[in-house]
Amino acid sequence: EPSVMDGPPFCMSTASRALYLSTLVYLEPNTRGLTPEKYEALFQRLDYVVGERGLDIKEFKEFYNKTGKDEIRCICFAMTKKKENIKENDQDENEETKDSASSGEGEKKDEGTHEMDGEKNMKKHNVSKSKFNRIFVCFRGTDTAKNVVADIKAWTVPHPPVRGSVFNGSRPMVHHGFLNSWRNDKLSEQVLDFVKKYVKEMRESELEEMEENGSNGSPWPVITVTGHSLGGSIATLASWDIASKLQDMSLSLAQNHSFFAKKDDSILSQPNTIPFPKENVRLYSFGCPRVGNGPFADSLNDFVPNAWNIIHDNDIVPAVPAKHSGFLGQPFKRAGRQVIIKENGDFLINPSRKERRLRAVKVLRLKTSVAAHETGHYRRGLLSIFEKEGLLDNCDDEGVVLRESLSKGEETQINSLKLAAESLDVMGQIIMDARNDPSRSFRVLPGAT
């Protein structure tokens, strides 16, 4: 579908972080052989997972089922960090060199520099402060008998708010069990309140920072929504609601400035009137079933263009529900774009319709298609891609150098990937130790493996 092909590119580092979090939400202390110490060690790596160190977690919140305090349904946390961005001013440097050569005078002071921590002005550099603002929303997948019941409620219901017409097939319809899991026990209200609270707080803080430094850019934070299996389905519905609420917030803020904008057109270009960027909501799901019909898929692709379904090549769950099991014959249709991964390091971004159909037919015959749904297979798939493509050491699996020299941005990206890959590897070791513990608890369809 050409309309789905356009949009932000697939990001391996974001996928790695999302998988770590999608697995983390399954884990609880004193279950599956996890000691409190090992459980805490996984949470202490959150700053490594997001590719930054020394992050300030403003709030970490767990949302439980109303009927059982031992069943975590979602974890949300907001992160922020002040960091110093020092950018070389090549243009000033070149001009200064020319002036010095022509006049014979010594180096002149760069007027574009600022004092920092009481030190002297730094020559040939611009120093500015910026914030690292991120919000993460992670949903737990199928892990209990109650979750299994939600999975099998495959009939479709109108996606709220009800819109479109049933008669011409334009009404967005979604899986009843998935929608109930998102809207039940006030989970959606709690998550949306958390997101709106910190989006507003981070935006206001960033606007103050931008006004103080005279810098430009968008004041809106990035929200990553993720989940595995049922968690990916809930994340799909949640990302639509989050994007919708934030666009409403953005519109409301713009309307507050409309009266002044009529008198002064320059207000429209100020940071506090910048609309919320749709691509700032990132949806990365793993082994996610189909959630709704075509109109819902089109609606989500419009609200959340940065939506990705990571699918293991042998996983059967993304092939359900059957396409033609929807309401009044309306077929289920996958929203967002797809990435098919294999444990030999091969992967396929935006597969064609024929490639998707061949994969769906293949998994129905595989005896290992259910086991391939576990997060451990996804973890090994991503790590094998890192190794085969040389994403961690600038070499492929045969030792061939892919790039002779790396820019500063490429070095930063590789370091970020290394931290994410290391975290996935550590998580795998801890989970394997926990599984080998004979006293570990038993759960239905364990996702964290």
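Every chain is numbered on its own, with residues counted from 1 as its sequence reads. Local features in this predicted model are restricted to residues whose pLDDT is 70 or higher, and side-chain atom pairs enter the listing and the counts only when it is 80 or higher, whereas totals over whole chains, interfaces and linings include all residues. Hydrogen atoms and water are omitted, and side-chain values are computed over all heavy atoms in the structure.

A pocket, in this scheme, is an open set of points on a 1 Å grid over the protein atoms alone with protein on both sides within 12 Å along at least 5 of 7 lines, while a cavity is a set where a 1.4 Å probe fits but cannot get out; residues line either one if an atom lies within 4 Å of a point. Grid points are joined across faces, edges and corners, and a volume is the space filled by probe spheres set on the points. Considering all chains together, one arrives at two cavities of 30 Å³ or more under this definition. In this structure, the largest cavity occupies an estimated 60 Å³ of space. As for the largest cavity, its lining consists of Thr-236, Cys-288, Pro-289, Arg-290, Val-291, Gly-292, Phe-296, Asn-309, Lys-333, Arg-334 and Ala-335. A volume near 30 Å³ is recorded for the second largest cavity. Numbering of helices and strands runs from the N terminus; a helix is a DSSP stretch of H or I covering at least four residues, while a strand is a stretch of E covering at least two. Among the elements that take part in the lining of the second largest cavity, helix 9 (residues 230–256) stands out by supplying three residues, more than any other.

Detailed conclusions should not be drawn from predicted coordinates in areas where pLDDT is low. One confidence number per residue, pLDDT, is output by the predictor and ranges from 0 to 100. Counting all residues, the mean pLDDT for the chain is 75, and 68% of those residues have values of 70 or more. Taken as a whole, residues 259–268 scores under 50 in pLDDT and shows six contacts with residues more than four places along the chain or in a different chain. Under a pLDDT of 50 for its full length, residues 441–446 has, in the predicted model, 21 contacts with residues more than four places off or in other chains. Contacts are residue-level and defined by heavy atoms, with any inter-residue pair within 4.5 Å sufficient.

This part covers the nonpolar core. Ranked by internal contacts, the top residues of the largest apolar core, which has 45 residues, are Ile-135, Val-137, Phe-139, Val-191 and Ile-223. When contributions to this core are tallied by element, the ones reaching two or more residues are strand 2 (68–88), strand 3 (125–139), helix 7 (176–183), helix 8 (187–213), strand 6 (222–228), helix 9, strand 7 (281–286) and helix 11 (294–303). Element by element, the count of residues in this core is highest for helix 9, at ten residues. What Ile-135 contacts, discounting residues up to four positions off in sequence, is Phe-77, Ala-78, Phe-194, Val-195, Tyr-198, Val-199, Met-202, Pro-221, Val-222, Ile-223 and Thr-224. Remark: nonpolar core denotes a set of buried residues (Ala, Val, Leu, Ile, Met, Phe, Trp, Tyr, Cys) joined through side-chain atoms within 4.5 Å. The buried label applies to any residue whose accessible area, calculated with a 1.4 Å probe on protein chains only, is under 20% of its type's maximum; exposed applies above 50%, and partly exposed to all values in between. Counting residues in hydrophobic clusters, the runner-up holds 36 residues, among them Tyr-20, Leu-24, Trp-308 and Ile-310.

The relative placement of two packed helices comes down to the angle between their axes together with the axis-to-axis distance. Following both chains from N to C, one finds helix 7 and helix 8 inclined at 60 degrees, their axes separated by 5 Å at the closest point. With respect to their mutual orientation, helix 7 and helix 8 come out oblique. Of the residues in helix 8, those in contact with Ser-181, Trp-182 and Arg-183 of helix 7 are Leu-187, Ser-188, Val-191 and Leu-192. Grouping the amino acids of the contact of helix 7 with helix 8 by side-chain chemistry returns four nonpolar, two polar and one charged. Orientation is described by lines fitted to C-alpha atoms, with helices fitted over the stretch in contact, and by angles between N-to-C directions that extend from 0 to 180 degrees. Any angle that falls under 35 degrees is termed roughly parallel, while one over 145 is termed roughly antiparallel, one within 65 to 115 roughly perpendicular, and all others oblique. Lys, Arg, Asp and Glu make up the charged group, whereas Ala, Val, Leu, Ile, Met, Phe, Trp, Tyr, Cys and Pro make up the nonpolar group; the residues left over, Gly among them, are polar.

Further remarks concern helix 11. The buried fraction of helix 11 amounts to eight of the ten residues, a majority that puts the element mostly inside the structure. Among all positions in helix 11, only Gly-294, Pro-295, Phe-296, Ala-297, Ser-299, Leu-300, Asn-301 and Phe-303 are buried. Two N or O atoms count as a polar contact when they lie within 3.5 Å, although within protein this holds only if one can serve as hydrogen donor and the other as acceptor, and sequence-adjacent residues are included solely when both atoms are side-chain atoms. Two or three places before Phe-296, at the opening of helix 11, Asn-293 has a side-chain oxygen 3.1 Å from that residue's backbone nitrogen.

Before going further, it helps to examine the pattern of salt bridges. Any Lys or Arg side-chain nitrogen found within 4 Å of a carboxyl oxygen on Asp or Glu counts as a salt bridge. Here the structure, examined in full by the defined rule, presents seven salt bridges. One salt bridge in this structure joins Asp-302 and Lys-278, with 3.1 Å as the shortest N-O distance. Remark: Lys-278 occurs in the loop between helix 10 (258–263) and strand 7 and Asp-302 occurs in helix 11; sequence separation between them is 24 residues. For Lys-278, a relative accessible area of 29% gives the class partly exposed.

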